[in-house]
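Examining the three-dimensional arrangement
Given next are the chains, with one letter for each unit.
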Amino acid sequence: MTIIKPSELKARTGAILDRAKRRPVYVEHTGTLLMIIKAKLVPAKEPAPLSPWELRANAIESFYEPAKAL
């Protein structure tokens, strides 16, 4: 395990991020050990919940156009 300093990360960001695609990269910053890793994207299985503003908009639309409420 190699621990790099923030100055090295700043100087060689592209190369270090390319390396993080293959294996974790560790950076020590002000006494904290940070790990840069490749994230896995997981597709959403359900639609995102509606915000209060979206719920309000749906209620207003259904009030003015009753056919949309069905």
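If you're wondering where the values come from, they're calculated on a predicted model, not measured in any experiment.

So, about the pairing of strand β2 (residues 25-29). As paired elements, strand β1 (residues 3-4) and β2 share two bridges and run parallel to each other. Residue pairing in the sheet places Ile3 in a bridge with Tyr26 of β2.

Where β2 and strand β3 (residues 32-36) come together, five bridges link them in antiparallel fashion. The residue of β3 that forms the bridge with Glu28 is Leu33. Connecting β2 to the antiparallel partner β3 that follows it, the hairpin turn spans two residues, and Thr30 within it adopts a positive phi of roughly 45 degrees.

What follows covers the pattern of salt bridges. Scanning the entire structure with this criterion turns up three salt bridges. Of the charged contacts in the structure, one is a salt bridge between Glu28 and Lys5, with a shortest N-O distance of 3.1 Å. In this pair, Glu28 is assigned in strand β2 and Lys5 in the loop between β1 and α1 (6-11), connecting sequence segments 23 residues apart. A salt bridge links Arg12 to Glu8, with the shortest nitrogen-to-oxygen separation between them at 3.7 Å.

The next thing to look at is the sheet that holds β1. Here three strands make up an open sheet; going across it, the order is β1-β2-β3 and the pairing mixed. Sheet topology places β1 and β3 at the edges, where each strand pairs with a single neighbour. Of the strands in this sheet, β1, β2 and β3 are in contact with helix α2 (residues 13-22), which crosses β2 at around 130 degrees.

Structurally, the position occupied by Arg19 is in helix α2. One buried charged side chain, Arg19, makes no salt bridge at all; its nearest oppositely charged neighbour is Glu8, positioned 4.8 Å away.

Of note, the phi angle at Thr30 is positive, near 45 degrees, even though the residue is not glycine. Tracing the backbone through its elements, the reader meets Thr30 in the loop between β2 and β3. Classification of Thr30 by relative accessible area gives exposed; the value is 68%.

Within the secondary structure, Pro6 is located in helix α1. Considering only alpha carbons, one finds Pro6 and Val27, 21 residues apart in sequence, at a separation of 6.6 Å.

The next thing to look at is α2. Residues spaced three or four apart along an α-helix face the same direction, because each turn holds 3.6 residues. Buried within α2 we find Ile16, Arg19 and Ala20. Buried residues along α2 cover an arc of 105 degrees about the axis, so they all sit on one side. Away from its buried face by more than 90 degrees, α2 exposes Lys21 and Arg22. In this structure, the buried residues of α2 make contact with β1, α1, β2 and β3.

Reading the values: rules and limits
- Residues numbered from 1 in each chain as written.
- Predicted model: local features only at pLDDT ≥ 70, side-chain atom pairs only at ≥ 80, totals over all residues.
- Heavy atoms only, no water.
- Pairing = 2+ DSSP bridges.
- Helix = DSSP H or I, 4+ residues; strand = E, 2+ residues; numbered from the N terminus.
- Salt bridge = Lys/Arg side-chain N within 4 Å of Asp/Glu carboxyl O.
- Contact = heavy atoms within 4.5 Å.
- Axes fitted to C-alpha atoms, helices over the stretch in contact; angles between N-to-C directions.
- Buried < 20%, exposed > 50% of the residue type's maximum accessible area, 1.4 Å probe, protein only.
- Lys, Arg positive; Asp, Glu negative; His and termini not counted.
- Arc of directions from axis to C-beta.

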